[in-house]
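Coordinate analysis (summary)
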Amino acid sequence: SRMWWVVQNPGSGHKIAFISTNAEIKVMQFFFMLGLRKEDILLIKEPTRFDSIIVPDQSYYYQNGYKDKAMMAFNAIRDSVTPAGYKKVYLTRRKLNDILNEEYFENYYRSLGYEIISPEDLPIEEQVAVMAGCEEVACTNGTLQHQILFCPDGVKLTVLNKVRQPFTQQFWVNQARSAKCTFIDVAMNFLPHLHHESCYLLMPTTYWKQYVAEQGRVFSSDDEVSVRDFVVDYRELWTRLMTKRSGTWLEAYKKFTLADVVAGFHKYILDCEIVQEDQKKLDDVFQ
């Protein structure tokens with residue numbers, strides 16, 4: 001958020017200092033794409049004194065918004081590569097093995113001419129090159145949607161919500177990039193879940209069907225998929241991943257009760273919301 005200064009002052013001759021608790025910064029390649037050399041960068045791991053320092057203002061705040069220079073570093077990184085030539089891409093997370101039925105949506109967007117990309121398979125420069133010329137991007141919600149920071153202004157973004165909670169930081173990203181964004185709830189996670197260190201079941205929900213119709217396409221019986229076809233696989237994946245989750249995230253699961261599990265089964269397995277009276281009864285007993 002402070003790297004706009006480097007873009008605005010190329011070849012300044014100043015060292016660029018970062019506080020780092022690690023041996024290296026994982027995103028160092030981004031700084032090289034801004035024109036910095038390794039010898040220009042100081043990683044501060046212990047108390048260090050300087051004769052003088054420049055501390056640029058933050059140009060954006062991860063959760064809360066941005067200022068006028070927010071896009072300078074992202075634009076400079078984007079402009080440092082040759083666009084890969086893709087106009088429409090679908091960014092998939094299927095290879096991360098924490099999601100079920102994403103291939104359904106991959107096939108839909110592939111039929112519309114989207115290139116299916118797994119960003120984790122590509123080095124940073126190639127990831128940026130993929131986004132640099134994109135006019136339309138589709139993906140699930142999470143960090144994938146932030147990739148439009150390296151797109152041209154006015155990009156069309158379609159976000160498939162794998163969890164129902166929005167990622168509020170994406171709102172300022174969309175605004176700063178002048179993105180035309182559509183959010184669609186395709187989540188059918190009937191077991192307790194979080195936005196991170198969880199697993200996700202994606203389905204053609206009523207919201208998805210409405211979206212398809214609004215795009216002028218016909219949702220036929222061949223496009224229908226039943227959640228019952230994935231009940232066992234989803235429970236197996238959920239159970240397997242639960243034991244792998246960190247203690248910090250397991251603590252967050254304490255907020256869920258048996259009432260939440262029953263409500264999830266009602267909504268996604270029985271395909272109807274639990275009535276208010278029954279919900280209150282469950283809450284009174286299990287909270």
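Now for a quick tour of the structure. All values reported here derive from a predicted model rather than from experimental measurement. (Residues numbered from 1 in each chain as written. Predicted model: local features only at pLDDT ≥ 70, side-chain atom pairs only at ≥ 80, totals over all residues. Heavy atoms only, no water.)

1. Section: the packing of aromatic side chains
A complete count under the given rule lists 18 aromatic pairs for this structure. With a centroid separation of 5.0 Å and an interplanar angle of 65°, the aromatic rings of Tyr109 and Tyr114 are classed as edge-to-face. The burial state of Tyr109 is the same as that of Tyr114; both residues are buried. Pairing Phe190 with Tyr234 gives two aromatic rings, centres 4.6 Å apart and planes at 65°, and the pair type is edge-to-face. Pair noted here: Phe190 is in the loop between strand S10 (180-185) and strand S11 (200-201) and Tyr234 is in helix H8 (residues 231-242), with a separation of 44 residues, a long-range link. (Phe/Tyr/Trp six-rings, centres within 6.5 Å; stacked < 30°, edge-to-face > 60°. Buried < 20%, exposed > 50% of the residue type's maximum accessible area, 1.4 Å probe, protein only. Helix = DSSP H or I, 4+ residues; strand = E, 2+ residues; numbered from the N terminus.)

2. Observations concerning the environment of Leu149
Position of Leu149 relative to the elements: it lies in the loop between strand S8 (136-140) and strand S9 (156-161). Accessibility expressed as a relative area gives 9% for Leu149, which makes it buried. Spatially, the C-alpha atoms of Leu149 and Met131 are 8.5 Å apart, while their sequence positions differ by 18 residues. Setting aside its immediate chain neighbours within four residues, Leu149 contacts Met71, Phe74, Val173 and Arg177. (Contact = heavy atoms within 4.5 Å.)

3. Description of the pattern of salt bridges
Under the definition given, this model contains 14 salt bridges. A salt bridge links Arg93 to Asp98, with the shortest nitrogen-to-oxygen separation between them at 2.4 Å. A single burial state applies to Arg93 and to Asp98, both of which are buried. Note that Arg164 is salt-bridged to Asp185, the shortest N-O span being 3.0 Å. Separated by 21 residues along the polypeptide, Arg164 in the loop between S9 and helix H6 (169-176) and Asp185 in strand S10 bring together distant segments of the chain. A single network of salt bridges, built from pairs that share partners, joins Arg37, Glu39 and Asp40. (Salt bridge = Lys/Arg side-chain N within 4 Å of Asp/Glu carboxyl O.)

4. Regarding the layout of surface pockets
Empty space among the atoms becomes apparent when a probe as large as a water molecule is rolled across them. Considered as a void within the structure, the largest pocket measures approximately 1000 Å³ in volume. If you go around the largest pocket, you meet 41 residues; those closest to its centre are Val27, Phe30, Phe74, Leu149 and Phe150. For the lining of the largest pocket, the secondary-structure elements that each account for two or more residues are strand S1 (16-19), helix H2 (28-33), helix H3 (72-79), helix H5 (124-132) and H6. If one sorts the elements of the lining of the largest pocket by residue count, H3 sits on top with 4 residues. Per-class residue counts for the lining of the largest pocket are 25 nonpolar, 10 polar and 6 charged. The computed volume of the second largest pocket comes to approximately 680 Å³. Taken together, 19 residues line the second largest pocket, and the ones lying closest to its centre are Lys15, Ile16, Ala17, Ile54 and Pro56. (1 Å grid on protein atoms, 1.4 Å probe; cavity = no way out; pocket = protein on both sides within 12 Å on 5 of 7 lines; lining within 4 Å. Points joined across faces, edges and corners; volume = space filled by probe spheres on them. Nonpolar A, V, L, I, M, F, W, Y, C, P; charged D, E, K, R; others polar.)

5. Quick word on H8
Across its 12 residues, H8 extends 16 Å between first and last C-alpha, which sits within 8% of the 16 Å expected from 1.5 Å per residue. As for H8, its buried residues are in contact with strand S6 (99-100), S11 and helix H9 (247-252). (Expected span 1.5 Å × (residues − 1).)

6. Details of the pairing of S8
Put simply, side chains in a regular strand alternate between the two faces of the sheet. Among the 5 residues of S8, 4 are classified as buried, and the element is accordingly described as predominantly covered. Here 4 bridges tie strand S5 (residues 88-91) to S8, and the two strands are oriented parallel to one another. Each bridged residue has a counterpart across the sheet, and for Val89 the counterpart in S8 is Val137. Bridge count between S8 and S9: 5 bridges; the pairing is parallel. Residue pairing for S9: Cys139 is matched across the bridge by Val159. (Pairing = 2+ DSSP bridges.)

7. Digging into a nonpolar patch on the surface
A cluster of nonpolar side chains, Phe50, Ile53 and Val55, forms an exposed patch at the surface whose accessible area comes to about 310 Å². Here Val55 shows up in the loop between strand S2 (41-44) and strand S3 (60-61). (Patch = residues over 30% accessible without salt bridge, like charges linked within 9 Å, V, L, I, M, F, W, Y side chains within 5 Å. Areas by Shrake-Rupley, 256 points an atom, 1.4 Å probe, with all protein chains shown as cover.)

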